[in-house]
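A structural walkthrough
Given next are the chains, with one letter for each unit.
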Amino acid sequence: MSEPSDNISRYGRLVELLPVFAALVVHAVAHGRWLLCAPVMVGLVWAGVSGVRVSYSPARLLIAGAVGVAAGAGMLWVSEPPTAPFPPNIFGPLCGALVGLSVLCALGRNRYFAWTYACLLVALSMRVREMQAVGWVLGGLVLSVLLVAFLEGGLGRTGPRAAVGFGVFVVLVLGLSLGLTRTIWASEGVLMDAVYRMTSGTNAGAGSEFQSQVDLRSLERKPRGSERPLLVLSGAAPARLRTRVFDVFDGSRWTTSKELAEQRLELPSAGAEKERTLALTVLSPLGAWLPAPAGTRAVEGVRPEVRGGWVLKAEELEGTTLALRTGEQEHLLPEEAPGDGLTALPEELREELRPLAEELTRKASTPREKARALEAYFHDHFEYSLYVDLRGEGSPLAVMVREKRAAYCTYFASAMAALLRTVDVPARVVGGFAPEDNNPLTGATLVRERDAHAWVEVFLADEGRFVAFDPTPWRSRDDALGLTQEQKGFFGNMVGAVGTFLREVGAGLRYQPLAQAKALVGSPVFGVLAAGVLLWRLRVGKKGERKKERREAMGTRDVRLAAVYARYLKTLKKRAGLVPRPSETDDELLARLRNAKGDEVAEVAAEFLAHYREARYRGVPTGAERETALVEQLDAKLREAPSPSGRGLG
């Protein structure tokens, strides 16, 4: 197939860019990376309409790849990490590099390389199986390539031989893309999971929804929670957000009872206690459960289903902002005393834990005192660790408590709840999030996957409700999770605030584009910006009209020639005090200059006018360099020349 011709129409240029444009659409839709792809797509359209062409060179190819890598890595800070079998810190920069390379080659009219990079980007983006209408987008990609070949490749002139050659090229590229896609899908095994764990420290398949059951093992290595942002809380952040309640324990697994799962409750419309409002923006899919603090009285923006244990069920909230009205204190609403189910344990486990439980609570007489004693025991004598080894004689929980083995929140909560049940105190395990990443500049708190947490709720008969207790030793938790305790400072908090804002906008554009657009258009900030742009355009328009009028008055459309003539008049005014009178010609003004400053100065001005008239009236091409030099010479002469005696300014 022939090389691309430089004589290409504007619409033909747009058609040539279609494959790269389609690949960007696929990537943006598949991974929600509109903040990266949308500006690039707008730039491609502008480049196609304007006829922009970038000279291709290996050095510029490396620069484009480096810029793409940087942009892809930067997107990890301001948007949801892309879904892929590779960890985000590899997949994001890799896709960014492919975006940069395909765009450079497209603008340099290296169409084969551009299409190859675009197809590789499509192959990686197709990793998201649940993406809708992939076939239509890929079909558009293939058709755009064939359309370019038909319009710009000269297939009609070169005959079927060239058409067959190009067809082989298309088949090879698409085959490579589909083969790579299948290879990526097939690689989701032990090897890819190991790569993911080594590079990101988290489980490739981990979800943001708290699991439907809690399993305890004798030996376990839990990956660190990822940095993936889930929620933004605006207002006084609660200590904990509840998602699931587990009230059945068989000795190794916590689950939710059928009675609790089928129970339906109603949130009170108002209470005697003073209320506060918490704004909650959902950045990523959360599954079926809405994280909410204890004591939530109402939810504005969605009508959740309230299940037993006061947990809220609401789906497809991504990109929305909800208002939660809660009590001043994080207190659950009063309810009837639970039955014997919350003190039930396997008899063998009860007999094994009873001596430990009685020893640890021997000085406590009430359920509250027993809960506090156990909570303090775990705080003072245990260490937090993601590596759990509870092998030994007896059940894992008995080994853990007896030998003070290190563990993480799920095990601490399970052990405390089991010990309380052993001494007939109703207790259950609760899962959710413990927010920590607060920005003091904005008051917003970013909730990430790493903030997943478990604790204990104990029913206190004197209060008639469940009360939270947290046995996790927090002093060692941050070290185990690799969380920094350093103060971010003003600049760090400012960067965090901007990143949080961009995340909120990005989530809205991805999941709720119409609602987000409506909110942006209706915001005061948009009104101020629109008014500013309108005023700026009016001002620029008036200045442009004035410049146009001046050029028309000077009789030329050559901007540079008009500018140098205006400088000539300004020099006469500044150095000689001469201003053109109404209807005064250039020759008449020159005569006044001769009377005021002498023949030597007037000759320089006359030479300038001769060159100016040559360019203006005869259309002689000029860069205005000679005229500019004459004006500078005139300025120097006027500074040196005194007024001739006996001559006035006239």
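Here's a quick rundown of the structure. Starting from 1, residues in each chain are numbered consecutively following that chain's sequence as written. Side-chain atom pairs in this predicted model are given and counted only at pLDDT of 80 or more, local residue features only at pLDDT of at least 70, and totals for whole chains, interfaces and linings cover all residues. Each side-chain value is worked out from all heavy atoms of the structure, with water and hydrogens disregarded.

**Remarks on the overall build of the chain**
We apply this condition: Numbering goes from the N terminus for both helices and strands, where a helix is a DSSP run of H or I of at least four residues and a strand is a run of E of at least two. For every residue, the accessible area (1.4 Å probe, protein chains only) is compared with the maximum for its type, and the residue is labelled buried under 20%, exposed over 50%, or partly exposed between those bounds. It only takes one pair of heavy atoms within 4.5 Å for two residues to be counted as in contact. Per-residue and other accessible areas were derived by the Shrake-Rupley procedure at a 1.4 Å probe size, with only the shown protein chains allowed to occlude residues.
Helix and strand content of the chain: 22 helices and 19 strands. In the chain, which comprises 650 residues, the proportion classed as buried is 45%. Within the chain, residue pairs in contact and separated by at least 24 positions form 73% of the contacts whose partners lie at least 6 positions apart. Per element, the accessible surface of the chain, about 32,900 Å² overall, is 58% carbon and sulfur.

**Let's talk about the pattern of salt bridges**
Test applied: In what follows, salt bridge is the name for a side-chain nitrogen of Lys or Arg lying within 4 Å of a carboxyl oxygen of Asp or Glu.
Under the definition given, this model contains 29 salt bridges. Across the pair Arg368 and Asp462 runs a salt bridge, and its minimum N-O distance is 3.1 Å. Of this pair, Arg368 sits in helix H12 (residues 367–381) while Asp462 sits in the loop between strand E18 (452–460) and strand E19 (465–469), placing them 94 residues apart in sequence. The partner of Arg575 in a salt bridge is Asp635, with the nearest N and O atoms 2.9 Å apart. Here Asp635 lies in helix H22 (residues 625–640) and Arg575 lies in helix H19 (residues 559–576), a separation of 60 residues in the sequence. Exposure remark for Arg575: the relative accessible area of 28% places this residue in the partly exposed category.

**Some remarks on the sheet that holds strand E4 (residues 241–246)**
Worth spelling out the cut-off: When DSSP finds at least two bridges between two strands, those strands are taken to pair. Note on method: axes are straight lines fitted to C-alpha atoms, helices fitted across the in-contact stretch only, with angles between N-to-C directions ranging 0 to 180 degrees.
Strands sit in the order E4-E15-E18-E19 across an open sheet of four strands; the sheet is antiparallel. The strands lining the two open edges of the sheet, one partner per strand, are E4 and E19. Within this sheet the neighbouring strands show an average axis-to-axis angle of 40 degrees, counted without direction. Here E4 pairs with strand E15 (residues 427–433) via five bridges, running antiparallel. Each residue of the ladder has a partner; that of Arg242, found in E15, is Gly432. Sheet strands in contact with helix H14 (residues 409–422) are E15, E18 and E19, and its direction is about 15 degrees off that of E18.

**Examining the side chain of Asp586**
Counted only if it meets this: Under the counting rule used here, the positive set is Lys and Arg, the negative set is Asp and Glu, and His together with the chain ends is not counted. We call two N or O atoms a polar contact when they sit within 3.5 Å, provided that within protein one can donate a hydrogen and the other can accept it, with sequence-adjacent residues counted only if both atoms are side-chain atoms.
Mapped onto the elements, Asp586 comes out in helix H20 (residues 586–597). At 4.3 Å, Arg613 is the nearest oppositely charged side chain to Asp586, a buried residue that forms no salt bridge. Polar contacts involving the side chain of Asp586 include one to the side chain of Tyr565, which spans 2.7 Å. Leave out the neighbours within four places in its chain, and Asp586 touches Tyr565, Leu609 and Arg613.

**Focus: the environment of Val604**
Locating Val604 in the fold gives a position in helix H21 (residues 599–617). For the pair Val604 and Val631, spaced 27 residues apart in sequence, the C-alpha separation works out to 8.3 Å. Beyond its immediate stretch of four places on either side in the chain, Val604 contacts Leu630, Gln633, Leu634 and Lys637.

**Observations concerning the nonpolar core**
Note the threshold: Put simply, a nonpolar core is a bunch of buried Ala, Val, Leu, Ile, Met, Phe, Trp, Tyr and Cys residues held in one set by side-chain atoms that sit within 4.5 Å of each other.
Judged by nonpolar contacts, the single largest core of 45 residues is most densely connected at Phe378, Met400, Leu420 and Val458. Elements with a minimum of two residues in this core: helix H11 (347–360), H12, helix H13 (396–403), H14, E15, E18 and E19. Among the elements that take part in this core, H14 stands out by supplying 10 residues, more than any other. Apart from residues no more than four positions distant in its own chain, Leu420 is found in contact with Lys370, Ala371, Leu374, Val425, Ala427, Val456 and Val458.

**Some thoughts on the environment of Tyr565**
In this fold, Tyr565 is placed in helix H19. By relative accessible area, which is 9% here, Tyr565 ends up buried. Tyr565 sits 66 residues away from Val631 along the chain, and the two C-alpha atoms are 8.7 Å apart.

**Points about the packing of H13 against H14**
Basically, it comes down to this: Oblique is the label for any angle not under 35 degrees, not over 145, and not in the 65 to 115 range, which are roughly parallel, roughly antiparallel and roughly perpendicular in turn. When residues are sorted by character, Ala, Val, Leu, Ile, Met, Phe, Trp, Tyr, Cys and Pro go into the nonpolar class, Asp, Glu, Lys and Arg into the charged class, and all the rest, Gly among them, into the polar class.
Where H13 meets H14, the closest approach of the two axes is 10 Å, and the angle between their N-to-C directions is 95 degrees. Relative to H14, the element H13 is oriented roughly perpendicular. Between H13, through Leu397, Met400 and Val401, and H14, the contact on the second element is made entirely by Tyr411, Phe412, Ser414, Ala415, Ala418 and Leu419. Taken together, the residues of the contact of H13 with H14 break down into eight nonpolar, one polar and no charged.

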